[in-house]
Amino acid sequence: MRSWFKNNGMLSEENVFCSIGAQLSIAYMEKDDVMDFINGLYMLEGVPVGALIADGQLLQPETLNIFYLDYNWIEAMVDGALSIGRNCSSDLMHDRAVLPTLKQNGRLHGANMRSLRYDRLSKNSDGGKRQTGFLLRSQLVEGWPGIEVSCCSGETELNIIKLEHIGTSVLFCIVDGVLDKITLTEPVESLFFGFEEAEEAFVKRLASLKEGETGRDVNVSVPLVFRDEEQGLLNIKALAGDMQQALTEAGKGSAYFSALEFALQMIHERARCTIEINRKNSDGTGGGVHE
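The model shown is predicted, which means the values in this text are computed figures rather than measured ones. (Residues numbered from 1 in each chain as written. Predicted model: local features only at pLDDT ≥ 70, side-chain atom pairs only at ≥ 80, totals over all residues. Heavy atoms only, no water.)

Q: Go over helix 8 (residues 236–249), please, and point to the residues and values.
A: For helix 8, with 14 residues, the first-to-last C-alpha span of 20 Å sits near the 20 Å given by 1.5 Å per residue. For helix 8, every residue scored as buried is listed here: Leu239, Ala240, Met243, Ala246 and Leu247. The buried side chains of helix 8 occupy one side of the element, clustering within an arc of 130° when seen end-on. In helix 8, the exposed residues that point more than 90 degrees away from the buried face are Lys237, Thr248 and Glu249. In this structure, the buried residues of helix 8 make contact with strand 9 (201–207), strand 10 (217–223), strand 12 (233–234) and helix 9 (259–266). Looking one or two residues beyond helix 8, the residue adopting positive phi is glycine 251, at roughly 75°. (Helix = DSSP H or I, 4+ residues; strand = E, 2+ residues; numbered from the N terminus. Expected span 1.5 Å × (residues − 1). Buried < 20%, exposed > 50% of the residue type's maximum accessible area, 1.4 Å probe, protein only. Arc of directions from axis to C-beta. Contact = heavy atoms within 4.5 Å.)

See the structure below:
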């Protein structure tokens, strides 16, 4: 191979080779095993945990660590992985011509790999230009393996490009953009019927049944009606009647109030925790995490 390039007058010119290589790089745009491998590297797939977390002290129980992705480090890793196939100077010339396209494509597709698995693309994606994330070690992660996560920058929800567990109690998340708010929500499989306690009485907050706003809180509550309070037995018929009447008076009812509407009212709101990240000012003041 080396002698062939040396004796070929056209391909021995590096600028000509790069021109041809740039045209050939289009072939690498298609989905194949090589591109899947590169995309995975940009999402840190297969990277040992020891290379991601510099010190185990960062993952003390009940801690949250926020980070930026350093693309100089990631591209050095990609270069190292692809350098295995370089055997001569012509391979280096080839990589100089093709790698910019591969890296750009890998970074863009890596940012959307998770979305593509769910057959959707984020409207708020910036193509992986800036990526941040967090490492959370908490009993929440272990107790709720299906915990739901959403991340925002201001009021804009960011595309989650990686969300996976490290062990049983650590959650690893990367988002497309700079996050400043994290919301953790109880998984839907833990939904149950419930009510609230207010002023030594049990009440149920109601949700709208009006078309177009079904399920929204209407800031209306009704007291629970018991058949036997000591045994905790509800009077379902009386309670359903009170719910229907209260919603009708608030203008949030519907023509029907069957078992379906009653179940909707009885579903207890899922537990939710919102964490806001305040970054330091230019003078070093401020910063921190607030719930």
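Q: An account of the sheet that holds strand 9 is needed here, citing residue identities and associated values.
A: The strand order across the open sheet formed by 3 strands is 8-9-10, and the pairing between neighbours is antiparallel. Unpaired on one side and paired on the other, strand 8 (196–198) and strand 10 mark the two borders of the sheet. When the angles between neighbouring strand axes are averaged without regard to direction, this sheet yields 45°. For strand 8 and strand 9, the ladder comprises 3 bridges, and the chain directions are antiparallel. The partner of alanine 198 across the bridge, within strand 9, is alanine 201. Helix 8 rests against strand 9 and strand 10 of the sheet, and its axis sits at about 140° to strand 10. (Pairing = 2+ DSSP bridges. Axes fitted to C-alpha atoms, helices over the stretch in contact; angles between N-to-C directions.)

Q: Go over the pattern of salt bridges, please, and point to the residues and values.
A: Enumeration over the complete set of coordinates arrives at 3 salt bridges. A salt bridge links glutamate 164 to lysine 162; the shortest N-O distance between them is 3.4 Å. Close ionic contact of glutamate 213 with lysine 252 constitutes a salt bridge, the shortest N to O distance being 2.8 Å. Here lysine 252 lies in the loop between helix 8 and helix 9 and glutamate 213 lies in the loop between strand 9 and strand 10, a separation of 39 residues in the sequence. (Salt bridge = Lys/Arg side-chain N within 4 Å of Asp/Glu carboxyl O.)

Q: Hey, could you go over the packing of helix 3 (residues 33–42) against helix 5 (residues 71–82) for me, with residue numbers and the actual values?
A: Contact geometry of helix 3 with helix 5 gives a least axis separation of 10 Å together with a crossing angle of 150°. Relative to helix 5, the element helix 3 is oriented roughly antiparallel. The hand of the helix 3/helix 5 crossing is right-handed. From helix 3, Phe37, Ile38, Leu41 and Tyr42 reach across to helix 5, where they touch Tyr71, Ile74, Glu75, Met77, Val78, Ala81 and Leu82. Here the contact of helix 3 with helix 5 is composed, by residue class, of 10 nonpolar, no polar and 1 charged. (Parallel < 35°, antiparallel > 145°, perpendicular 65-115°, else oblique. Left-handed = near helix turned anticlockwise from the far one by under 90°. Nonpolar A, V, L, I, M, F, W, Y, C, P; charged D, E, K, R; others polar.)

Q: Quick rundown of the sheet that holds strand 6 (residues 170–176)? Include the residues and the values.
A: As summarised here, the arrangement of the 4 strands in space is 1-2-6-5, forming an open sheet in which the pairing is antiparallel. Of all strands in the sheet, those with a lone pairing partner are strand 1 (63–68) and strand 5 (159–166), marking the two edges. Averaged over all neighbouring strand pairs, the angle between strand axes comes to 15°, with direction disregarded. Relative to strand 6, strand 5 is paired through 7 bridges, and the arrangement is antiparallel. Across the sheet, the residue bridging to leucine 163 is cysteine 173, located in strand 6.

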